[in-house]
Amino acid sequence: MQEKNVEFQNITFQYPEDSQRMFENLSFSVARGEFVAVVGASGCGKSTLFRLINRLEEPEAGRILVEGRDVREQKGYSGFMPQKDLLMPWRTVGKNLMLPLELRKIPKEKREPMAREMLRQVGLEDCWEKAPRELSGGMRQRVSFARTLLSGSDLLLLDEPFSALDFLTRVSLQEWLAEQWESLGKTVIFVTHDVEEALYLATRILVLRGRPVRQVESIPVPLPVPRRRQMLEQPEIQELKERLIAGLQREEAAYYEN
Amino acid sequence: MKIKEKKPAAGRSGRTLPALVIGGVLLLWQAVAMWIDAAYILPTPVQVLQRLWELREPLFLVHLPATMGITGLGLLISLALGAGLAVWMDASRTAERALYPLIVASQTIPTMAIAPLFVLWFGYSIWSKVLAAILITFFPVTITIHDGLRSAPREMEEYMRTGGAGKWEIFWKLKVPWAVPSFFSAVRMAIPICVIGAAIGEWLGAQSGLGYFSKRMMTQLDGAGVFAPIVLLSAAAMLVVWLVERLEKHLVTWWKEM
Ligand SMILES: Nc1ncnc2c1ncn2[C@@H]1O[C@H](COP(=O)(O)OP(=O)(O)OP(=O)(O)O)[C@@H](O)[C@H]1O
Ligand SMILES: [Mg+2]
């Protein structure tokens, strides 16, 4: 359990267009099987963490390890789920799910059974032939999640996957994701703006602060798994929530002062 | 979705309004032409139709096929060349910087002025006409397809890269399908332009074709005879555009949902 799945080692990063560094000598790690929520003020670099892990940006200094190996030496080590589902509108749901399998060079005859099985797991087996536009927002996010799982990696990076959904859909997808995580045993890093969502889902919360970010604050969520929503009512959790929100508000205020 | 709901109403007025306008213009034309009363300057629409009927054999059997052949050839070559250049410019920044200004410049060449040169080079063979057609069709085709390729969403491309996709896979699985609608609009736009190019070529030097025929009628001061092939030419172009639209609707069902 304590084995590290992702490790940032002294990462320094700055966008070329920016006047300030985003991360400076930043180190932290996420253990295998953890569900970590990343919170922080808007623009503090949460999505950038994922861009660095996925090598869409290169750090100025430092290393990122996944499964103990430098990301520069490997491919296909993470499954990424963006905020927008990014399903290809010209492909059916089934064909969309087969995209990661094509990219992984899985033999043709194995692709369809794998993708169908995954679609069944997310409870949408009837939608195989449908076009993405025929699905509701919540269904599309589930397809997108299934596609992320089909990347085959043990590390899932979810960037605000539910933030565009309405309240009820969001709540039911949160519950659904919690179940998926419990049964799949994957490592999840989950970026969110919603402190309550973070508390409900995560085993640990990472808070990004400041500009540049020099360290992350790590807050374990003192709740057992599986979660029930009522657990969030406990005074201890309420207090934690208030503290987190107040902290984020201060950050947000500082951000606008700059 | 909202656009879809509005569509039936838009469709109805979308057809009646242009029909009314065309009817009005025709009536006005008829009235003015009858008032001028000089068919060699301005024939009435009725006279044009009569002439079209009288000349149906040479027009439909000789000159229409000649012009359509040139148009078709010019169109195919323009599309192939335009698509090839667009792909090249999309793949290489250097090619884009080197070629884009040239393509724009090619558009400022006055076809009318340069087309006689083509007659010098190729004589009265169809190639002088095809070249004139290509010269004015090629630019909008290239630019439209290039824009289509370039507008493929960055996020989708990055998503594919995190899944391990290479340049080639991004091209075939993302850029090409994404640019299919642009390709169709390039074709729709190119058809009438190409017809004009072919007709200009024929005006300048040919032994057959609707452009040539209308010029011959002019030397005979046959106003209705000048108009008849032009009417036929526009009708043929509209028919082909309509056919392409049908094909596009059949093949690209997803575009309006984006
Ligand atoms: N491609 C880029 N080029 C230059 N600067 C960028 C780029 N992407 C992000 N930034 C900078 O980084 C900041 C946003 O980073 P990032 O997207 O990681 O933040 P975030 O925490 O995910 O924000 P949000 O909560 O709004 O999603 C912006 O303030 C911007 O200045
Ligand atoms: Mg973000």
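Residues numbered from 1 in each chain as written. Chains lettered and ligands numbered in written order. Predicted model: local features only at pLDDT ≥ 70, side-chain atom pairs only at ≥ 80, totals over all residues. Heavy atoms only, no water.

Novice: Explain the sheet that holds strand S3 (residues 35-40) of chain A to me, using residue names and the numbers behind them.
Specialist: Residues and elements named next belong to chain A. Reading across from one edge, S6-S7-S8-S3-S9-S10 is the order of the six strands in this open sheet, with mixed pairing throughout. Every interior strand has two partners, whereas the edge strands, strand S6 (78-81) and strand S10 (216-220), have only one. The sheet shows a mean angle of 20° between the axes of neighbouring strands, direction not considered. In terms of strand pairing, strand S7 (residues 155-159) meets strand S8 (residues 187-191) through five bridges, oriented parallel. (Pairing = 2+ DSSP bridges. Helix = DSSP H or I, 4+ residues; strand = E, 2+ residues; numbered from the N terminus. Axes fitted to C-alpha atoms, helices over the stretch in contact; angles between N-to-C directions.)

Novice: Lay out the confidence of the model for chain B in plain terms, naming residues and giving numbers.
Specialist: Residues and elements named next belong to chain B. Mean pLDDT for chain B: 87, with 93% of residues reaching 70 or above. The low-confidence segment residues 1-10 (pLDDT under 50) makes one contact with residues lying over four places distant or belonging to another chain. If you check the scores for this complex, the pTM reads 0.83 and the ipTM reads 0.86. (pLDDT = per-residue confidence, 0-100. Contact = heavy atoms within 4.5 Å.)

Novice: Residues and numbers for the packing of helix H3 (residues 56-91) of chain B against helix H10 (residues 223-251) of chain B, please.
Specialist: All names here are of chain B. Interhelical geometry of H3 versus H10 gives an angle of 55° and a closest axis separation of 11 Å. In this view, H3 runs oblique relative to H10, as classed from their interaxial angle. Our pair here, H3 against H10, has a crossing hand that is right-handed. From H3, Leu59, Phe60, Leu64, Thr67 and Met68 reach across to H10, where they touch Ala228, Pro229, Leu232, Leu233, Ala236 and Val240. (Parallel < 35°, antiparallel > 145°, perpendicular 65-115°, else oblique. Left-handed = near helix turned anticlockwise from the far one by under 90°.)

Novice: If you had to explain the site of ligand 1 to someone new, which residues and values would you point to?
Specialist: Residue and element names in this part refer to chain A. Ser42, Gly43, Lys46, Ser47 and Thr48 are the nearest of the 15 residues found near ligand 1. Contacts to ligand 1 include Ser42, whose side-chain N or O atom sits 3.0 Å from an oxygen atom. In this structure, an oxygen atom belonging to ligand 1 sits 2.9 Å away from a main-chain N or O atom of Gly43. About the coverage of ligand 1: the protein hides 69% of its 630 Å² of free accessible area. Class assignment of the residues belonging to the shell around ligand 1 gives a composition of five nonpolar, six polar and four charged. (Near = heavy atom within 4 Å. Polar contact = N/O pair within 3.5 Å; in protein donor to acceptor, adjacent residues only side chain to side chain. Areas by Shrake-Rupley, 256 points an atom, 1.4 Å probe, with all protein chains shown as cover. Nonpolar A, V, L, I, M, F, W, Y, C, P; charged D, E, K, R; others polar.)

Novice: Requested: an account of the interface of chain A and chain B, with residues and values cited.
Specialist: On the side of chain B, 20 residues touch chain A, which itself brings 22 residues to the contact. Across the interface of chain A and chain B, roughly 2000 Å² is buried in total on both sides, 63% from carbon and sulfur atoms. Contact with chain B buries area across many residues of chain A, yet A:Trp90, A:Leu103 and A:Arg133 alone supply 34% of it, more than any other trio. The tally of links from chain A across to chain B stands at four salt bridges. Between B:Lys173 and A:Glu102 there is a salt bridge, with its nearest N and O atoms 2.7 Å apart. Among the elements of the structure, S6, helix H2 (93-103) and helix H4 (137-149) of chain A are those that each provide at least two residues to the side of chain A that touches chain B. Looking at the side of chain A that touches chain B, the element that brings in the most residues is H2(A), giving three residues. Counted by class, the side of chain A that touches chain B contains ten nonpolar, three polar and nine charged residues. (Buried area = accessible area lost by both parts, 1.4 Å probe. Salt bridge = Lys/Arg side-chain N within 4 Å of Asp/Glu carboxyl O.)

Novice: Report on the packing of aromatic side chains, specifying residues and quantitative values.
Specialist: Inspection of the entire model under this criterion finds 14 aromatic pairs over all chains. Each ring, one from A:Phe145 and one from A:Trp176, has its centre 5.1 Å from the other, and the planes form 75°; the classification is edge-to-face. In this pair, A:Phe145 sits in helix H4 while A:Trp176 sits in helix H5 (residues 167-184), placing the two residues 31 residues apart along the sequence. Per residue, the accessibility class of A:Phe145 equals that of A:Trp176, and both read buried. Among the aromatic residues, those joined into a cluster by ring pairs are A:Phe35, A:Phe162, A:Trp181 and A:Phe190. Sitting over the face of the ring of A:Tyr200, A:Arg229 holds its NZ or CZ atom 4.1 Å from the ring centroid. The aromatic ring of B:Trp53 is capped on one face by B:Arg56, whose charged end is 4.1 Å from the ring centroid. (Phe/Tyr/Trp six-rings, centres within 6.5 Å; stacked < 30°, edge-to-face > 60°. Buried < 20%, exposed > 50% of the residue type's maximum accessible area, 1.4 Å probe, protein only. Lys NZ or Arg CZ within 6 Å of the ring centre and 35° of its normal.)

Novice: Lay out the domain arrangement of chain A with the relevant residues and their values.
Specialist: All names here are of chain A. Its domain assignment divides chain A into domain 1 (4-77 + 154-257) and domain 2 (88-152). Computed over C-alpha atoms, the centres of domain 1 and domain 2 are 26 Å apart. Every contact between the two is made by twelve residues of domain 1 and, on the other side, ten residues of domain 2. The tally of links between domain 1 and domain 2 comes to zero salt bridges. Inspection of the region where domain 1 meets domain 2 yields one residue pair in polar contact (both at pLDDT 80 or more). The set of elements that each furnish at least two residues to the side of domain 1 that touches domain 2 consists of S7 and H5. Looking at the side of domain 1 that touches domain 2, the element that brings in the most residues is H5, giving six residues. A breakdown of the residues in the side of domain 1 that touches domain 2 according to their chemical character gives eight nonpolar, two polar and two charged. (Domains from an automatic or database assignment.)

Novice: Tell me about the pairing of S3(A), residues and numbers included.
Specialist: Residue and element names in this part refer to chain A. Judged by how many residues are buried, S3 sits mostly within the fold: six of six residues are covered. Alternating residues of S3 divide into Phe35, Ala37 and Val39 and Val36, Val38 and Gly40, and every residue in both groups is buried. For S3 and S8, the ladder comprises four bridges, and the chain directions are parallel. Across the sheet, the residue bridging to Ala37 is Phe190, located in S8. Note that S3 and strand S9 (residues 204-208) share five bridges and pair parallel. Along S9, the bridge assignment pairs Val36 with Arg204.

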